[in-house]
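Remarks on the overall topology
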Amino acid sequence: MVFIIGGLVILLLIQRAKQKELRFLQEQQKTNEEIYQLIQNQQTKIDEARQKEKKRIAQDLHDGIMNRLSSTRLNLHILNENATPEIIKKCLPFIAGIQDIEKEIRNISHDLNKDAIFNKVSFVAVLEAFIEEQKPFFTGKCHLEIERNINWEWLSTFQKIHIFRMLQEAFQNIVKHAQAKNIIISILKNENQLLLEIFDDGVGFSLKQKKKGIGLQNIFSRAKQCNGKAEINSEVGTGTTIRITIPLSPKL
């Protein structure tokens with residue numbers, strides 16, 4: 001009986017040891033799977049960040065540099081047809097503007113970091129300076145209205161960059177396509193939202209017939225990235241209105 005009981009105890013201990021080893025292997029396998037999943041998730045996040053950065057760079061290149069180069073090229077093209085002293089004098093600001101484009105390219109090559117711009121001066125001053133810079137490119141009248149009681153601290157630098165780029169894109173589209181005589185830009189506070197409205201009295205276009213180009217797509221995309229939305233109203237012969245709303249909320 002003693003030998004039988006001893007044998008049973010030994011078998012029980014061996015069985016428990018095997019079960020313990022099996023549980024350890026299962027837990028180890030589960031841990032390895034979790035680690036692998038974490039690595040996969042991290043790689044996915046890295047890939048998404050890369051794609052997002054590529055899209056941001058593409059937007060900045062198109063909205064900033066490409067638009068300014070295109071505008072400069074169109075305005076300097078008249079030198080081929082009529083290089084009178086008066087025309088050359090009018091083209092000098094565009095030639096000087098090439099230096100600004102070079103600076104912007106240099107900034108993009110250094111990580112496209114616009115934080116310094118919006119930290120050194122107020123955002124309102126940045127917008128006003130942009131409109132002043134565009135006056136030589138637009139023969140009509142441009143009116144900028146910014147409500148003074150907007151708390152710009154409620155917007156992140158990320159959102160301010162997108163607001164600036166959307167305004168830039170809309171303005172360039174008007175100059176190139178609208179044939180407008182007047183541009184009215186309003187930035188107002190509507191309850192808990194920032195309302196950016198850009199109106200021009202140009203030729204307009206049919207929303208049903210016109211496909212959204214990359215410029216308009218960028219406006220919609222940037223508004224969405226700011227948790228807002230963009231709307232475009234236009235008809236042939238009645239001008240165009242772009243309305244962008246972005247939520248305003250105090251930082252905690």
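A quick note: this is a predicted structure, and the numbers were derived from the prediction, not measured.

**Some details on the sheet that holds strand β1 (residues 141–146)**
The 5 strands lie next to each other as β1-β2-β3-β5-β4, forming an open sheet whose pairing is mixed. Of all strands in the sheet, those with a lone pairing partner are β1 and β4 (229–235), marking the two edges. Within this sheet the neighbouring strands show an average axis-to-axis angle of 10 degrees, counted without direction. One ladder, built from 6 bridges, connects β1 with strand β2 (residues 182–190); its direction is parallel. Residue pairing in the sheet places Cys142 in a bridge with Ile183 of β2.

**Considering helix α5 (residues 123–134)**
For α5, which comprises 12 residues, the first-to-last C-alpha distance of 17 Å matches the rise-based estimate of 16 Å (1.5 Å per residue) to within 8%. Restricting attention to buried positions, one finds in α5 the residues Phe123, Val124, Val126, Leu127, Phe130, Ile131 and Gln134. With its buried residues spanning 165 degrees around the axis, α5 presents them on a single face.

**Regarding the pattern of salt bridges**
In this structure the tally under the stated criterion is 4 salt bridges. Glu231 is paired through a salt bridge with Lys229; the nearest N and O atoms lie 3.6 Å apart. Using a relative accessible area of 49% as the deciding quantity, one classes Lys229 as partly exposed.

**Some points on the pairing of strand β3 (residues 193–200)**
Relative to β3, β2 runs antiparallel, the two sharing 8 bridges. Directly across from Ile184, in β3, lies its bridge partner Phe199. Taking the residues between adjacent antiparallel strands as the criterion, β2 and β3 are bridged by 2 residues, where Glu191 takes a positive phi near 55 degrees. Summarising the sheet, β3 and strand β5 (residues 239–247) pair through 8 bridges and their orientation is antiparallel. Across the sheet, Leu194 pairs through a bridge with Ile246, a residue of β5.

**Observations concerning the packing of aromatic side chains**
Evaluation of the coordinates by the stated rule reveals 4 aromatic pairs. Ring plane angle 65 degrees and centroid distance 5.1 Å describe the contact between Phe123 and Trp152, whose orientation is recorded as edge-to-face. Note that Phe123 is positioned in helix α5 and Trp152 in the loop between β1 and α6 (157–178), a separation of 29 residues in sequence. No difference in accessibility class separates Phe123 from Trp152, as the two residues are buried. When the ring of Phe130 is compared with that of Phe164, the centres are 5.5 Å apart and the planes differ by 70 degrees; the resulting orientation is edge-to-face. Residue Phe130 is found in helix α5, and its partner Phe164 is found in helix α6; the two are separated by 34 residues along the sequence. The pair Phe130 / Phe164 is uniform in exposure class, with both members buried. By way of ring pairs, the aromatic residues Phe130, Phe138, Phe164 and Phe171 are connected into one cluster.

**Looking at the confidence of the model for the protein**
Here the protein averages 79 in pLDDT, and 76% of its residues register 70 or above. The model gives residues 112–121 a pLDDT under 50, and that stretch makes 17 contacts with residues more than four places away or in other chains.

**Details of the nonpolar core**
Counting residues in hydrophobic clusters, the biggest one holds 37 residues, and the most contacted among them are Trp152, Ile198 and Ile244. Every element with two or more residues in this core is listed here: α5, α6, β2, β3, α7 (214–225), β4 and β5. The biggest single contributor to this core is α6, with 8 residues. In this structure Trp152 touches Phe123, Val124, Ile146, Lys160, Ile187 and Leu194, once residues within four positions along its chain are discounted.

**Some remarks on the packing of α5 against α6**
Two elements in contact, α5 and α6, have axes separated by 11 Å at closest approach and are oriented at 15 degrees. Comparing their axes, α6 and α5 come out roughly parallel. Crossing angle aside, the handedness with which α5 passes α6 is right-handed. On α6, the residues touching Phe123, Val126, Leu127, Phe130, Ile131 and Gln134 of α5 are Lys160, Ile163, Phe164, Leu167, Gln168, Phe171 and Gln172.

**With respect to unusual backbone geometry**
With a phi angle near 55 degrees, Gln179 is a residue other than glycine that sits in the positive phi range. Tracing the sequence through the fold places Gln179 in the loop between α6 and β2. A relative accessible area of 65% means that Gln179 is categorised as exposed. Phi at Asn227 is positive, roughly 65 degrees, even though this residue is not glycine. Here Asn227 shows up in the loop between α7 and β4.

Conventions we followed
- Residues numbered from 1 in each chain as written.
- Predicted model: local features only at pLDDT ≥ 70, side-chain atom pairs only at ≥ 80, totals over all residues.
- Heavy atoms only, no water.
- Pairing = 2+ DSSP bridges.
- Helix = DSSP H or I, 4+ residues; strand = E, 2+ residues; numbered from the N terminus.
- Axes fitted to C-alpha atoms, helices over the stretch in contact; angles between N-to-C directions.
- Expected span 1.5 Å × (residues − 1).
- Buried < 20%, exposed > 50% of the residue type's maximum accessible area, 1.4 Å probe, protein only.
- Arc of directions from axis to C-beta.
- Salt bridge = Lys/Arg side-chain N within 4 Å of Asp/Glu carboxyl O.
- Phe/Tyr/Trp six-rings, centres within 6.5 Å; stacked < 30°, edge-to-face > 60°.
- pLDDT = per-residue confidence, 0-100.
- Contact = heavy atoms within 4.5 Å.
- Core = buried A, V, L, I, M, F, W, Y, C linked by side-chain atoms within 4.5 Å.
- Parallel < 35°, antiparallel > 145°, perpendicular 65-115°, else oblique.
- Left-handed = near helix turned anticlockwise from the far one by under 90°.

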